[in-house]
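Chains, contacts and geometry: an overview
Listed below, chain by chain, are the residues.
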Amino acid sequence: VLGWFYIYPGYKLPQDKEIVEEVLRQGDAWQKNQTGIDLYRKLLTECCDPRRMFAVTKENSPMGKVLWYDGEFYHSHTVNNETYSLFVQENPLQLPLKKCAVVGNGGILRHSKCGRDIDQADFIMRCNLPPLSKKYVEDVGTRTHLVTANPSIIEKRFQNLLWSRKAFVDSMKVYGSSYIYMPAFSMKPGTDLSLRAYYALADTSSNLTMLFANPEFLRSVGKFWKSRSVHAKRLSTGLFLVSLALGLCEEVTAYGFWPFSVGLDEQPVSHHYYDNILPYKWFHAMPEEFVQLWHLHKSGTLRMRVGHCP
Ligand code: CDP
């Protein structure tokens, strides 16, 4: 039983085909393992304290506090009157969350028919403002409780919000009244972009609540996985969210995590469910991350959905 909790060493990364075979061998069998769930919640609480630290709050980041950027060397922001007033008082989530769905953007979601399954969760997390238009609903669902927004999306998709903010505000409506989780203090250019996004929403009385990711939390989660054989410049957004969910939720199911170019039917799979734009090479280590997630699946700590949903 102890062996279950050893982390896959990761010195030899399996080929796409080997992963496919391994996943097929495992089939749909999955059994929840409360000991594994409790263990990971404990490990993550000890390293990273997600309950208190996942977002920047008035409580953990008082006036004058120095926030060290996690994606940048020796760059910091000292909390001042202006920024302090934008922080939520404390962790706004009603804890513990029960069934959580973490939705990655992998092309494996296409034709998965997982939408209903996802929508049945109590708390649904999504990455990088993904499209939720009609044609995807069957596969990815409609509900969202927390969605991440990388500042680079504000730059590329919404022209830095320097011109019309209407397109941005309108396109956020599909996320209902969820939390927008932005790494405002990770990279230098991200701060202004995040603040602009904050004001664009606030000025239009949007139903969304902006949460700034706490760079201290992001850094500690990065270290946690680094010590478990995930070697990348930066963790992928999806792994940050899975880590958050493991710390906050009673049960976690992950969808859309499949960084391989062939599917279980050995047919090509696009990188995203909505396009096939590949990430910068070497920036993330998604296959390494997948191996860790798959290990957690096999040990019953979280459930990965990689095929069709029933
Ligand atoms: O910005 P980033 O590359 O981290 O994310 P994305 O492409 O918007 O996808 C969201 C998340 O889904 C990623 O961070 C990965 O964790 C996961 N993903 C995956 O596992 N396999 C894929 N083919 C694509 C995304």
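Everything discussed here concerns the structure shown above.
Notes on the structure follow. Please read all numbers here as calculations on a predicted model, not as lab measurements. (Residues numbered from 1 in each chain as written. Predicted model: local features only at pLDDT ≥ 70, side-chain atom pairs only at ≥ 80, totals over all residues. Heavy atoms only, no water.)

1. Considering a nonpolar patch on the surface
Together, V66, W68, F73 and Y74 make up an exposed nonpolar region whose accessible area comes to about 570 Å². On the secondary structure map, F73 appears in the loop between β1 (66-68) and β2 (76-78). Here F73 falls in the exposed class, since its relative accessible area comes to 76%. (Patch = residues over 30% accessible without salt bridge, like charges linked within 9 Å, V, L, I, M, F, W, Y side chains within 5 Å. Areas by Shrake-Rupley, 256 points an atom, 1.4 Å probe, with all protein chains shown as cover. Salt bridge = Lys/Arg side-chain N within 4 Å of Asp/Glu carboxyl O. Helix = DSSP H or I, 4+ residues; strand = E, 2+ residues; numbered from the N terminus. Buried < 20%, exposed > 50% of the residue type's maximum accessible area, 1.4 Å probe, protein only.)

2. Brief notes about the packing of aromatic side chains
By the definition in use, this model includes 18 aromatic pairs. Relative to Y181, the ring of F54 has its centre 5.6 Å away and its plane inclined at 35°; by these criteria the two rings are tilted. Of the two residues, F54 sits in the loop between α3 (50-53) and β1 while Y181 sits in strand β6 (residues 179-182), which places them 127 residues apart along the sequence. Grouping residues by exposure puts F54 and Y181 together as buried. Ring geometry for F224 against W225: centres 5.1 Å apart, planes inclined by 90°, an arrangement best described as edge-to-face. The two residues F224 and W225 agree in class, both being buried. Among the aromatic residues, those joined into a cluster by ring pairs are Y69, Y84, F87, F185, Y198, Y199 and F212. (Phe/Tyr/Trp six-rings, centres within 6.5 Å; stacked < 30°, edge-to-face > 60°.)

3. As for the site of the ligand
Around the ligand, a shell composed of 17 residues is seen, among which N128, S236, G238, H271 and H272 lie nearest. Contacts to the ligand include S236, whose side-chain N or O atom sits 2.8 Å from an oxygen atom. The backbone of T237 places a nitrogen or oxygen atom 3.1 Å from an oxygen atom of the ligand. Here the ligand, which alone exposes 510 Å², has 91% of that area covered by the protein. Here the residues of the shell around the ligand sort into six nonpolar, 11 polar and no charged. (Near = heavy atom within 4 Å. Polar contact = N/O pair within 3.5 Å; in protein donor to acceptor, adjacent residues only side chain to side chain. Nonpolar A, V, L, I, M, F, W, Y, C, P; charged D, E, K, R; others polar.)

4. Concerning the packing of helix α10 (residues 215-226) against helix α11 (residues 237-248)
Where α10 meets α11, the axes come as close as 11 Å, and the angle between the chain directions of the two elements is 95°. With respect to α11, the axis of α10 lies roughly perpendicular. Residues F217, L218, V221, G222 and W225 of α10 pack against L239, F240, S243 and L244 of α11. (Axes fitted to C-alpha atoms, helices over the stretch in contact; angles between N-to-C directions. Parallel < 35°, antiparallel > 145°, perpendicular 65-115°, else oblique. Contact = heavy atoms within 4.5 Å.)

5. Quick notes on unusual backbone geometry
With omega at -10°, the peptide bond leading from L95 into P96 counts as cis. Residues other than glycine seldom take positive phi values, yet H111 does so here, at roughly 65°. With phi around 60°, N160 is a residue other than glycine that occupies positive phi space. Locating N160 in the fold gives a position in the loop between α7 (151-157) and α8 (166-171). Residue classification places N160 among the partly exposed positions, given a relative accessible area of 24%.

6. Brief notes about helix α9 (residues 188-203)
For α9, which comprises 16 residues, the first-to-last C-alpha distance of 24 Å matches the rise-based estimate of 22 Å (1.5 Å per residue) to within 8%. Listed as buried for α9 are G190, T191, L193, S194, L195, A197, Y198, A200 and L201. Packing partners of the buried residues in α9 comprise α4 (81-84), α7, α8, β6 and β7 (209-212). Immediately downstream of α9, the backbone of S205 shows phi near 45°, a positive value. (Expected span 1.5 Å × (residues − 1).)

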